[in-house]
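# Structural overview for review
Single-letter residue listing:
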Amino acid sequence: MSTSQLALLILLFPAAGAILLAGRGWRLPRIVTKIVGPGVVWASFVVTLTLFFNSASGDFTYWTWIQSGSFNVPFNILIDNLSIFMCLVITGVGGLIVTYAVGYMDKEDGPSYARFFTYMDIFVFSMLLLVLAGNFVFLIVGWALVGLSSYFLIGFWYHRRSAVLAARKAFVMNVIGDVGMILGAFVLFVTYHATTYSGVFSQLTPCTAQLCPAVLRIFRDTPSLELAAFLLLVGAIAKSAQIPLHTWLPDAMEGPTPVSALIHAATMVTAGVYLVGRMHPIYDVAVYAHGAVAIVGAVTALFAATIAIVQTDIKRVLAYSTMSQIGYMFLAVGVGAYSAGFFHLLSHAFFKALLFMAAGNVIHAMNDEQDMRKYGGLLKQLPRTSWSFLIGSVSLVGVIPFVGFFSKEQILGAAFSKPDDSLALAVWVFGFITALITGFYTGRMWWMSFAGKPSPERPVEHPHEAPPVMLIPVVILAILATIGGFIQTRALGFGPQLVDDFLKSAVGKQPWEGGVSEVIATFATMILAALLFLGAYRIYIQQVWKPWSAIVPWAQRLLERKYYFDELYDAIFVRTMDGIAQVGLRYIEEPVIDGAVVGAGELAEAGAHSLSLTQTGYFRNYVLVFVAGAVVVAILVLVRVGS
Amino acid sequence: MSGFDAGGSQLDTSWFLVLAAVLFILGTVGVLVRRNPLVILICIELMLNAANLTLVAFSRQLQNLEGQLFALMSMTVAAAEAVVGLAILVDIFRHRDVEDVDDLSELRG
């Protein structure tokens, strides 16, 4: 088969799976759902691998979707190393997670079970469309579809009020981003009269720091390009749960755990990073928007990490940790270290999916209890899950030789060593502090859940390990998180650089190299973070050190309220909108609109009532009117004849 | 010959028209003021016959038989109308004790 057919096949497998399960799924035997649900994702994975090993690339146009004057929207798929990379992550890690879901969702009844895998396959299809699209229109279609499937899956347990509210919140937040994306695409179309990536990018003059100095750049940049870049960034921020559109992600943990692992950790939330990477020709020129990407990433990384310190729900800790890690990716692509960002995307997909699925095993064993304070001492009872969780945790902290070390330190190193860029150095400081906090909250999470004595409130006295279908994906990811880092050891200053080399053709080569100081900073970060990881043991298990919250209780409160973002948005947007709606209800809806509708009815009724008075029911009245009419007509005729 | 020969003198058409008008007005007033349904029906017949008289008078003056034919037609229709009217009346009387048409005013607004 040709490359173009294979590329289309990647999309068609999940679509076919979703259609089959949506139409017949709940009437077919359960085993069909178990095979089809993950099977189509694995099929896409195999096709992607074929493309990967064939080093395929190209921009394939299948048909013209809209042709109207100069507005031309083809359906084209862009196969390059970036889209293959993303497809490998989506279908590979996604395949493991959907397989895991076969076990995790087993408690659901038939129709719900099929519905879950329908949604999952719709999601995988949408996400693949997002990364394979070769033009802005289909990018936005995929972008909106992943938001929709995320909505479906967060609200999967629709009988829970909190799940429905969380789904709605996520959808609204995502639509804000979608609007930004659409406006950005409009600006680009108006400026460059093209909807395809190649059509837009070919008109941009690449402007690196060497080619034009900072002063010149201001004049070279077209304001419309900056505007488009900022609008696209709004979309990226909403989808990737970055400040200030981040509040939906922690609530999204209401969804089933495989959903959290697939959508809200490994794939969908990293779409913003993909977007900035894919649009790098734009961001290379639009320097202000590019700087904003780095700032948003750095601030979110630190901000989310601090909140994670005080969370007690294990999934919410992971959710804030996800926000924080995506902040790192934004930071990386924001300073121009694209391949470092994508390497972290890959490694984060490994260890965060691992953490979520291991947490899912724990929640499964604990009868759906998610409060870490009620766990404790699980290490002996759930050894495989505990050790896998530990691998994910130290990977998150960034301890050598786990995958998180190499990817995170490459980002920090790139920001640290970027020459002549004070912004990069500033975001490095943020990243450095975040790395330390990450060590602390991860330690707190792991020690609290698995070490020490069992909590007296623990719902299950003797928990059982999860079935193999849920353990094997976890173990595979644990292995990947352990050895995956050796594909790129750039953080150490030597060794293979497979991700960088692979993505070089798509996002360019990082134009600067780190030195010895970068490696020193790397190890300093790692050692301090690891010490904080161990320090959490002293505080939360041995309790020899006073918890920090006892010293600064106001900070604890501030963090527990998540910096009052929800309250702030409630006060600014929800209440304002509510107020406007109330005013509209009282002064527009009720008097004007209701008035017009009710008034029309009342007018008709009153008119009919007064007219009905003429209907006396007396025969002679009617005759009189009739005769009078006849007389009038006769007089008129006579007058006419006479004149 | 354009008049009606009665005792040697020709009777002008206008006399007939005046008679017809008088009959018609009598009928109309009868319909308007009487309450007995039978009398009302009779008065309607009176009005119809006034019209018939007019038709016949003009027919004679214009030496055209169409008017007379029309009068015959009108009588047939009047007979049919009387039948329907009487049938309705009989039916009303059968179900209700009605003295005059003013008792039949349930459909007033």
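Remember, it's a predicted structure, so these values are computed and weren't measured experimentally. (Residues numbered from 1 in each chain as written. Chains lettered and ligands numbered in written order. Predicted model: local features only at pLDDT ≥ 70, side-chain atom pairs only at ≥ 80, totals over all residues.)

## Topic: the overall build of chain A
For chain A, the count of helices and strands is 26 helices and two strands. Structurally, chain A occupies a C-alpha span of about 120 × 65 × 55 Å along its principal axes. A fraction of 81% describes how many contacts in chain A between residues 6 or more apart in sequence connect residues 24 or more apart. (Helix = DSSP H or I, 4+ residues; strand = E, 2+ residues; numbered from the N terminus. Contact = placed C-beta atoms within 7 Å.)

## Section: the packing of helix H3 (residues 81-104) of chain A against helix H4 (residues 110-132) of chain A
All names here are of chain A. The contact between H3 and H4 brings their axes to 9 Å, and the two run at 170°. Here H4 runs roughly antiparallel to H3, going by the angle between their axes. Residues Ser83, Met86, Cys87, Ile90, Gly94, Val98 and Ala101 of H3 form the contact with H4, whose participating residues are Phe116, Met120, Val124, Met127, Leu128, Val131 and Leu132. The residue inventory of the contact of H3 with H4, partitioned by class, reads twelve nonpolar, two polar and no charged. (Axes fitted to C-alpha atoms, helices over the stretch in contact; angles between N-to-C directions. Parallel < 35°, antiparallel > 145°, perpendicular 65-115°, else oblique. Nonpolar A, V, L, I, M, F, W, Y, C, P; charged D, E, K, R; others polar.)

## Some remarks on the pairing of strand S2 (residues 71-79) of chain A
Residue and element names in this part refer to chain A. Note that strand S1 (residues 58-68) and S2 share nine bridges and pair antiparallel. Its bridge partner lying in S2, Gly58 is registered against Ile79. Counted along the chain from S1 to the antiparallel partner S2, the turn is two residues long, and its residue Gly69 has a positive phi close to 60°. (Pairing = 2+ DSSP bridges.)

## Observations concerning unusual backbone geometry
Residues and elements named next belong to chain A. Following Ile243, the chain continues into Pro244 via a peptide bond in cis, with omega recorded as 5°. Along the chain, Pro244 falls in the loop between helix H9 (223-239) and helix H10 (248-251). Ile400 connects to Pro401 through a cis peptide bond whose omega is 10°. With respect to the helices and strands, the residue Pro401 is situated in the loop between helix H17 (383-397) and helix H18 (403-417). In the Ramachandran plot, Ala241 falls in the positive-phi region, its phi being about 55° despite a non-glycine side chain. One can find Ala241 in the loop between H9 and H10. Residue Ala241 is classed as buried on the basis of its 29 C-beta neighbours within 10 Å. In the Ramachandran plot, Asp368 falls in the positive-phi region, its phi being about 65° despite a non-glycine side chain. (Buried ≥ 20, exposed ≤ 12 C-beta atoms within 10 Å, placed from the backbone.)

## A short note on the interface of chain A and chain B
Contacts between the two partners involve eleven residues from chain A and, on the opposite side, ten residues from chain B. At five residues, helix H26 (residues 619-642) of chain A tops the list of elements feeding residues into the side of chain A that touches chain B. Residues of the side of chain A that touches chain B, tallied by class, amount to six nonpolar, four polar and one charged.

## Side note on the environment of A:Tyr375
Residue and element names in this part refer to chain A. Along the polypeptide, Tyr375 turns up in the loop between helix H16 (338-365) and H17. On the basis of neighbour count, Tyr375 is assigned to the buried category, with 28 C-beta atoms found within 10 Å. Sequence-wise, Tyr375 and Trp447 are 72 residues apart; in three dimensions their C-alpha atoms are separated by 10.0 Å. Among all residues touching Tyr375, those that are not within four sequence positions of it are Val362, Met366, Met448, Ser449, Ser455 and Arg458.

## Things to note about the nonpolar core
Residues and elements named next belong to chain A. If you look at the biggest cluster of nonpolar residues, it comprises 206 residues, and the most contacted ones within it are Ile97, Leu128, Leu331, Phe350, Ala353 and Leu354. The biggest single contributor to this core is H16, with 18 residues. Excluding its chain neighbours within four sequence positions, the residues that come into contact with Leu331 are Ala294, Gly297, Ala298, Ala301, Ile411, Ala415, Val427 and Gly431. (Core = buried A, V, L, I, M, F, W, Y, C linked by C-beta atoms within 7 Å.)

## Topic: the environment of A:Tyr441
All names here are of chain A. In this fold, Tyr441 is placed in helix H19 (residues 422-450). Each C-alpha atom, one on Tyr441 and one on Ala308, is 6.3 Å from the other, the two residues being 133 residues apart in sequence. Leave out the neighbours within four places in its chain, and Tyr441 touches Ala305, Ala308, Ile309 and Val317.

## As for helix H2 (residues 37-61) of chain B
Residues and elements named next belong to chain B. The end-to-end C-alpha distance of H2, which contains 25 residues, comes to 36 Å, matching closely the 36 Å that a straight helix rising 1.5 Å per residue would cover. Turning to H2, its buried residues number three or more, namely Pro37, Ile40, Cys43, Leu48, Ala50, Asn52, Thr54, Leu55 and Ala57. For H2, the elements touching its buried residues are helix H1 (13-33) and helix H3 (66-95). Phi for Gln63, located one or two positions after H2, is positive at around 55°. (Expected span 1.5 Å × (residues − 1).)

Structural measurements only, silent on function.
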